[in-house]
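Residue-level structural notes
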2 protein chains.
Amino acid sequence: METTRSDSHLNRYAARAQGMVASEIRALFAVASRPEIVSLAGGMPFVNALPLDAVGAMLQHLIVTKGAEALQYGSAQGDPELRERICDVMALEGITASPEDVTVTVGSQQALDLLSKIFIDPGDVVLAESPSYVGALGTFAAYQAEVVHIPMDGYGIIPEALRETLVRLRAENRRVKFLYTVPTFQNPAGVTLSAPRRAELLALAEEFDLLIIEDNPYGLLSFDAAPPRPLRADESERVIYLGSFSKTFSSGMRVGWALAPHAVRAKLVLAAESAILSHSNLTQLAVREFLATHPWRDQVKSFVELYRERRDTMLTALDEFMPEGTTWTRPAGGFFVWLTLPEGLDSKAMSPLALANRVAYVPGTGFYSDGTGHRHMRISYCYPEPARIREGVQRLATVINQELSLRNTFA
Amino acid sequence: METTRSDSHLNRYAARAQGMVASEIRALFAVASRPEIVSLAGGMPFVNALPLDAVGAMLQHLIVTKGAEALQYGSAQGDPELRERICDVMALEGITASPEDVTVTVGSQQALDLLSKIFIDPGDVVLAESPSYVGALGTFAAYQAEVVHIPMDGYGIIPEALRETLVRLRAENRRVKFLYTVPTFQNPAGVTLSAPRRAELLALAEEFDLLIIEDNPYGLLSFDAAPPRPLRADESERVIYLGSFSKTFSSGMRVGWALAPHAVRAKLVLAAESAILSHSNLTQLAVREFLATHPWRDQVKSFVELYRERRDTMLTALDEFMPEGTTWTRPAGGFFVWLTLPEGLDSKAMSPLALANRVAYVPGTGFYSDGTGHRHMRISYCYPEPARIREGVQRLATVINQELSLRNTFA
């Protein structure tokens, strides 16, 4: 908690800093990390499953053999060999790309920040799914964009709704800078854009001269089939693709990347240099060595098996414990289930009661820029062990039942 | 080299992106890295002097014992234990601080970026020494600040000149957001603000309600005496202090920090979260373990001895080889000498001839926002071995002599 002190610098801040306020989610995470609470709130990958002995030995070898490089400044665009390996990773999903067009970033989050810096003037419009990733919404807000949400259903963003919005905004003479989308195993909704809709989305991008930022941190974590084909695989000039090793290797490395059209890539590198000079060579070379010397496809497979089991556990428990009127998505990959409460219930208002019942989730409101989302919540199965997931869902059902009793008593 | 292609996204960029153009220095560095060239251009620390076996073993131990933490997301403010160790490092220079007021950043560069984001509206004034650090000037430009340079001499920034500028800007109703200064072993000039001037500077900050950003990456690399007392040691509310492990341990870690007044620190953490979510836990814990388990003060001492020898080599060679009319600073620490050419010579125009003579330096123009600096250059002694430094200075003197002959022939 912040103590309230007067801020002698208050009249010095930039206009954009007025909107920088602590997110409720951050405070929630602090409470949710207590051991007695089952946290279905976080999005932390289960890195405990990594072969720590092997990773440790790899890092030692890296320093002893290439320490003078690993411990030195690098370039703003990122290590050339790592960028080649990144192209190999993207090829798994059908993307053909040159290492020249890849910029290594401090997780995908930095790519979002740099792209916002390059593209967003105050008052510009950014389109995003409804709901959308909370970290992206925060970054767009920091650059004073207005986020306009586009409705989704179980098959992802609805093309007809996107078209209507684009037509309306064009009529209003608004400057739409880009559409931000997580088409595959979406955060927070857990849904995946269908193949026909992917084609429709690209046709709309062409028709309306729309730039798309495709954020794909979960693509390789596909439980039931081959990963869906990314938008970028079929369109290279209107799609900027963001990838990350946070979910397939280690979130502690903070190694992500942006694949962008040539001219945008040049701006990205300049923005990266201005923001951090260069990315850590140590973490870049660690990822590079991991990809070069480890059976990393097997590592991804073992993560897929681990998360699939947890997804199954969560869906089974939801089927078993949730009261009527509660609905949820059935993700085919990634980390998240999106749950909708029975009519009249409010996930944000219910959160303290849930914490008192030793279960945490993220209220839906954080994933909307327009103040909606009260009936929804994000629950994650990525980090807790299966038995804890089941326990957490059961506790959550108890809380919802309590709220339903209250509602029925007073209704 | 960039190929010239048409940029189909040209009408999409934000106003701030128009000013993002590749720096000449970056192109120079690419050429200067050729093995036949003695580069006095770079600012790379000589990390080859680190005990690589020990660092490698430390990293292995870290992953095996704390891998689940090191490979996981961290907090936006940075690891709490590392922030405690950072306070120990600052205490060496006389700063008393709480870990609560420290934010870990991706090198000092990210601190400059985040502070610019928090404070700078387009058109705001930032004050900086004349010359000033090129990386800071680039960041201020990316946020559309106008940099006003304040003259320096061999004792650092001139307080009377600062006063005059503050009075003038106040009369012009300009919004001065902060003074950016590297008071100790300055980059690029190699000079150090004298103790009496430090007191005068703080008095002016009080009188004009001026915020100071004190960037101190080189403070501990003091060759001839104890490190000078930072401004922050005597004023905590008007000074934001930036530190870094890039020069005392490893630049490849990208671990720096900002020590800021409480309210500013809160904004910094929010800006950091929006920019990168969290810093790499791996590199943070690596630095933390290095500080906790290694004789790091001895490591700093051995760097001091190494750089002192190189500084001495450079100054001796300058005395021996440079023609009359050439002057230079005599740094008491840090990485850089600032050289002023004889009247009529232009360091930028001379640069291709120098490269042809297999020596590289940074022309002075990069360190000014106002288009001046043509008679100056930055030469560094941090990275080349002493024999190479001597060779490089000799080659540089040859080039200057050639230019002088030309000047005298045509004058």
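Everything numeric in this text was worked out from a predicted model, so none of it was measured. (Residues numbered from 1 in each chain as written. Chains lettered and ligands numbered in written order. Predicted model: local features only at pLDDT ≥ 70, side-chain atom pairs only at ≥ 80, totals over all residues. Heavy atoms only, no water.)

1. Re the relation of the copies chain A and chain B
Superposing chain A onto chain B takes a rotation of 180° combined with a translation of 0.0 Å along the rotation axis, leaving an RMSD of 0.0 Å. The two molecules are tied by a two-fold rotation axis, judged by turn and shift. Judged by C-alpha distance, Gln60(A) is the residue of chain A that lies nearest the rotation axis, at 2.7 Å. When you check the interface residues of chain A against chain B, 100% turn up at the interface there too, and the contact is symmetric in its surfaces. (Least-squares fit on C-alpha atoms with pLDDT ≥ 70 in both. Contact = heavy atoms within 4.5 Å.)

2. Observations regarding the environment of Leu50(A)
Secondary-structure assignment places Leu50(A) in the loop between strand E1 (38–39) and helix H2 (52–70). Of the residues examined, Leu50(A) reaches a relative accessible area of 5% and is grouped as buried. Among residues more than four places away in sequence, those in contact with Leu50(A) are Phe249(A), Ser250(A), Gln299(A), Phe303(A) and Leu71(B). (Helix = DSSP H or I, 4+ residues; strand = E, 2+ residues; numbered from the N terminus. Buried < 20%, exposed > 50% of the residue type's maximum accessible area, 1.4 Å probe, protein only.)

3. Quick notes on the sheet that holds strand E11 (residues 336–340) of chain B
Residue and element names in this part refer to chain B. Strand order in the open sheet formed by four strands is E10-E11-E14-E13, and the pairing between neighbours is antiparallel. Edge positions in the sheet fall to strand E10 (327–328) and strand E13 (362–363), since each has one partner strand and no second. Across two bridges, the pairing between E10 and E11 is antiparallel. From the neighbouring strand, Trp328 faces E11, where its bridge partner is Leu339. (Pairing = 2+ DSSP bridges.)

4. Comments concerning the interface of chain A and chain B
Facing 88 residues of chain A, the contacting portion of chain B comprises 88 residues. Here chain A meets chain B over a buried area of about 7400 Å², counting both sides, of which 55% is carbon and sulfur. Inspection of the chain A/chain B interface yields four salt bridges. Where chain A meets chain B, there are 50 residue pairs in polar contact (both at pLDDT 80 or more). Put simply, the parts of the chain that give the side of chain A that touches chain B at least two residues each are H2, helix H4 (107–119), helix H5 (134–142), helix H8 (262–276) and helix H9 (281–293) of chain A. For the side of chain A that touches chain B, the residue count by class is 42 nonpolar, 26 polar and 20 charged. (Buried area = accessible area lost by both parts, 1.4 Å probe. Salt bridge = Lys/Arg side-chain N within 4 Å of Asp/Glu carboxyl O. Polar contact = N/O pair within 3.5 Å; in protein donor to acceptor, adjacent residues only side chain to side chain. Nonpolar A, V, L, I, M, F, W, Y, C, P; charged D, E, K, R; others polar.)

5. Describing the UniProt feature "domain: Aminotransferase class I/classII large" (unreviewed entry) in chain A
The residues that UniProt annotates with the feature "domain: Aminotransferase class I/classII large" (unreviewed entry) are residues 55–396 of chain A. Across residues 55–396 of chain A one finds 44% helix and 17% strand; the C-alpha atoms that close the span lie 37 Å apart. (UniProt positions renumbered as here; feature names shortened; annotations may be inferred.)

6. Observations regarding the environment of Gly190(B)
Residues and elements named next belong to chain B. Tracing the backbone through its elements, the reader meets Gly190 in the loop between strand E6 (176–181) and helix H7 (195–208). The exposure class of Gly190 is buried, given its relative accessible area of 4%. Placed 34 residues apart in sequence, Gly190 and Gly156 show a C-alpha to C-alpha distance of 9.3 Å. Here Gly190 is in contact with Phe185, Pro331, Ala332 and Phe336, once residues within four sequence places are set aside.

7. Quick word on the pattern of salt bridges
Residue and element names in this part refer to chain B. All chains considered together, the criterion is met by 54 salt bridges over all chains. Taking the shortest distance from any N to any O, the salt bridge between Asp209 and Arg238 comes out at 2.7 Å. With Asp209 in the loop between H7 and strand E7 (212–215) and Arg238 in the loop between E7 and strand E8 (239–244), the pair connects residues that are 29 residues apart, well separated along the chain. According to the relative accessible area criterion, Asp209 is partly exposed, its value standing at 35%.

8. So, the domain arrangement of chain A
Residue and element names in this part refer to chain A. Partitioning chain A into structural domains gives domain 1 (16–50 + 298–410) and domain 2 (73–293). A straight line from the C-alpha centre of domain 1 to that of domain 2 covers 25 Å. Contacts between the two partners involve 28 residues from domain 1 and, on the opposite side, 29 residues from domain 2. Buried surface at the junction of domain 1 and domain 2, summed over both partners, amounts to about 2500 Å²; 65% is from carbon and sulfur atoms. Of all residues in domain 1, Arg16, Phe336 and Phe367 give up the largest surface area on contact with domain 2, accounting jointly for 20% of the area buried on that side. Among the ionic pairs, Arg311 bridges to Asp224, the shortest N-O distance being 3.1 Å. Applying the counting rule to domain 1 against domain 2 returns eight residue pairs in polar contact (both at pLDDT 80 or more). Those elements giving two or more residues to the side of domain 1 that touches domain 2 turn out to be helix H10 (296–321) and strand E11 (336–340). With seven residues, H10 is the single largest residue contributor to the side of domain 1 that touches domain 2. (Domains from an automatic or database assignment.)

9. Considerations on the sheet that holds strand E2 (residues 102–106) of chain A
Residue and element names in this part refer to chain A. Across the sheet, which stays open at both edges, the eight strands sit in the order E2-E9-E8-E7-E6-E3-E4-E5 with mixed pairing between neighbours. Where the open sheet ends on each side, the last strands, each with one partner, are E2 and strand E5 (156–157). Pairing geometry for strand E3 (residues 125–130) and strand E4 (residues 146–153), over six bridges, is parallel. If you follow Val125 over to E4, its bridge partner there is Glu146.

10. Focus on the packing of aromatic side chains
The geometry of two aromatic rings is summed up by the distance between their centres and the angle between their planes. Residue and element names in this part refer to chain B. Per the stated rule, a full pass over the model turns up 30 aromatic pairs over all chains. Centroid distance Phe335 to Phe336: 6.0 Å. Interplanar angle 70°. Geometry classified as edge-to-face. Accessibility expressed as a relative area gives 0% for Phe335, which makes it buried. The interplanar angle of 40° and the centroid separation of 6.4 Å between the aromatic rings of Trp338 and Tyr368 together place this pair among those described as tilted. Note that Trp338 is positioned in strand E11 and Tyr368 in the loop between E13 and strand E14 (376–380), a separation of 30 residues in sequence. (Phe/Tyr/Trp six-rings, centres within 6.5 Å; stacked < 30°, edge-to-face > 60°.)

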